[in-house]
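The primary structure of each chain is shown beneath.
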Amino acid sequence: MRQNNSIESLEVVVKEQNTTLIKQNNIVEGFGVVVNEQNTKLLEKNLKELKKENKKAMEDIGNLQSQSARFQEYLDTSPIAFSYGYSSKSKAIKGHSLVFEERILDEGNNYNPSNGSFVAPINGLYVFHLVMANDIQDVELDIVLKKEDKVIASCFVRDKYYVDQSSLSTVVKLDKGQSVTPVVAYIGEADTIYEGDYYSYFTGYLLRPI
């Protein structure tokens, strides 16, 4: 009888241990599911960040390739610089471009002496200087520099004594094919004269490609 009681007690203990083990297994399995879910979310987050970083890296590579191509174009292009002036006196006409006819320098032949415009051969930052001299006393002469149809710089000169000079300088971004032209914006008299002997001149050059 005692043996039967012992066996029954042992069976109860075994059942309790089995129940405890089952509960523990369930806890472990549940914890594993939570861990797997967390790992999956973390991996998805890391993957998303890696894709974002990869996209930016590809964009950076594309920008570098584009810059390299533009720089190579610059290396393959002849120097870009010009300087033209007036060797003799000329008449200013309101609304007309100033056409500097006397070539001092034109590396690349990008200045057009027939219409007074410089045309950019490549995308870049360009520097322009213009000096005007007026020899008509107390008569104002206003000059503007235009990028296509937009004024980007201006100056005026009024002769108080014998000959007076005025100048402008500017840096401008130009795309290939865009032009820069000096234009007479205002004249005090119809026969206003600007001085020759290279007192008046127009220069420009490529600062760097972009």
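Residues numbered from 1 in each chain as written. Predicted model: local features only at pLDDT ≥ 70, side-chain atom pairs only at ≥ 80, totals over all residues. Heavy atoms only, no water.

1. Section: the overall build of the chain
Here's step 1: Broken down by element type, the chain carries one helix and twelve strands.
Here's step 2: Tracing the chain from N to C terminus, the helices and strands come up as α-β-β-β-β-β-β-β-β-β-β-β-β.
Here's step 3: A burial count over the chain gives 30% of its 210 residues as buried.
Here's step 4: Residue pairs at least 24 apart in sequence account for 74% of intrachain contacts in the chain once pairs closer than 6 positions are excluded.
Here's step 5: Here the chain has roughly 13,900 Å² of accessible surface; of this, 52% comes from carbon and sulfur atoms. (Helix = DSSP H or I, 4+ residues; strand = E, 2+ residues; numbered from the N terminus. Buried < 20%, exposed > 50% of the residue type's maximum accessible area, 1.4 Å probe, protein only. Contact = heavy atoms within 4.5 Å. Areas by Shrake-Rupley, 256 points an atom, 1.4 Å probe, with all protein chains shown as cover.)

2. Section: the sheet that holds strand 5 (residues 117-119)
Sheet strands line up and pair through hydrogen bonds in the backbone, either parallel or antiparallel.
Here's step 1: Overall, antiparallel pairing links the five strands, which are arranged 4-5-10-7-8 in an open sheet. Lying at the two open borders of the sheet, with one neighbouring strand each, are strand 4 (111-112) and strand 8 (150-158).
Here's step 2: Sheet topology places strand 5 next to strand 10 (residues 179-187); two bridges connect them, and they run antiparallel. Each residue of the ladder has a partner; that of Phe118, found in strand 10, is Val180. (Pairing = 2+ DSSP bridges.)

3. Remarks on the side chain of Thr203
Here's step 1: Mapping Thr203 onto the fold places it in strand 12 (residues 201-209).
Here's step 2: Setting aside anything within four residues of it in sequence, one finds Thr203 in contact with Phe82, Ser83, Val127, Phe128 and His129.

4. Some details on unusual backbone geometry
Here's step 1: One non-glycine residue with positive phi stands out, namely Asn109, at about 55°.
Here's step 2: Within the secondary structure, Asn109 is located in the loop between strand 3 (102-107) and strand 4.

5. Details of the pattern of salt bridges
Here's step 1: For the coordinates displayed, the defined rule picks out one salt bridge.
Here's step 2: As a salt-bridge pair, Lys56 and Asp60 come within 3.2 Å of each other at their nearest N and O atoms. With Lys56 and Asp60 both in helix 1 (residues 2-76) and four residues apart, the pair spans about one turn of that helix.
Here's step 3: Since its relative accessible area comes to 34%, Asp60 is described here as partly exposed. (Salt bridge = Lys/Arg side-chain N within 4 Å of Asp/Glu carboxyl O.)

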